[in-house]
Amino acid sequence: LDPLRQWAQAAKSGGSQIWMQISHPGRQCTRLSNTHPLAPSPVQLKLGGLFGQPQAMTEDDIRTAIAGYARVAAGAKRAGFTGVQVHGAHGYLLSQFLSPRTNQRDDEFGGSYENRMRLALEIVKAVRAQVGEHFINIFRLSMLDLVEGGNEWHEVVTMAKALEKAGVTLINTGIGWHEARVPTIATSVPRAAFTWITERMKKEVKLPLITTNRINTPEVANQVIADGQSDLVSMARPFLADPEFMKKGDE
């Protein structure tokens, strides 16, 4: 935990919070790292021949994964992080369980949407049990899968409401699976092109929502908030490109 403690202290020394993202790739694991990754079902990711043939997770594998998310969340809290984000988007393990595209199970974790939601909800509850009532517990939810056989809007809303009931603090919008052919972050995509889906979800849940994708300037971020499209904005590359980004947002 020592390197993580240093990271958390560095972030908080400037007045920031710092949240740790917790993810499991599932079938999205290249052959170089794992030739037979674990997944809900043995549905291979056919993307450039980079990914191995997945093995369907046993019930023991699933219980191990639930305990793993909770263990990492507890470690993040001990290291001084102020919250965690459970990644349930972009085609990683939890979105694989949520989608009929990749979940062909016939047990309690497959079939109906209620069953396909089960793993993510059990993880969220296990994390909450480990970190306590007041620690920030975020879920990154795929609101637009942008792949054939992805979840429909009414299912996404059902999941968001279930997450709210399960004790999530915030929901972060996820846009597209990595295998989607629809561009989501390329420069050809207009600024803030996907904030409309977060705004749509704001009508369905009371939790604060975080929007994302192609929000690259302080002016755009501030306008998204001012227009009521989202409660918070999530960014990545802008912070790498310009460490002074947040200071400029106050000017």
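Okay, so let's go over this structure. Quantities reported herein were computed from a predicted structural model and do not represent experimental measurements.

Calculation rules
Residues numbered from 1 in each chain as written. Predicted model: local features only at pLDDT ≥ 70, side-chain atom pairs only at ≥ 80, totals over all residues. Heavy atoms only, no water. Buried < 20%, exposed > 50% of the residue type's maximum accessible area, 1.4 Å probe, protein only. Helix = DSSP H or I, 4+ residues; strand = E, 2+ residues; numbered from the N terminus. Pairing = 2+ DSSP bridges. Right-handed = clockwise from strand over helix to strand, strands pointing away. Salt bridge = Lys/Arg side-chain N within 4 Å of Asp/Glu carboxyl O.

The element strand β6 (residues 170-175) is largely enclosed, with a buried count of six among its six residues. Burial of the side chains of β6 extends over both faces: Leu-170, Asn-172 and Gly-174 are buried on one face and Ile-171, Thr-173 and Ile-175 on the other. Looking at chain direction, strand β5 (residues 136-144) and β6 are connected through six bridges and run parallel. Considered in β6, the bridge of Phe-139 is made with Ile-171. A crossover connection joins β5 to the parallel β6 through helix α6 (residues 153-166); in handedness this β-α-β unit is right-handed. Sheet topology note: the β6/strand β7 (residues 209-211) ladder contains two bridges and is parallel.

So, on to the pattern of salt bridges. The full count for this structure, using the stated rule, is nine salt bridges. Note that Glu-122 is salt-bridged to Arg-63, the shortest N-O span being 2.5 Å. Of this pair, Glu-122 sits in helix α5 (residues 118-131) while Arg-63 sits in helix α2 (residues 59-79), placing them 59 residues apart in sequence. Put simply, Arg-101 and Glu-179 hold a salt bridge, and the shortest N to O gap is 2.9 Å. Pair noted here: Arg-101 is in the loop between α3 (93-98) and α4 (113-116) and Glu-179 is in the loop between β6 and α7 (195-201), with a separation of 78 residues, a long-range link. Among the residues examined, Arg-101 registers a relative accessible area of 28% and is labelled partly exposed. A relative accessible area of 11% places Glu-179 in the buried class.

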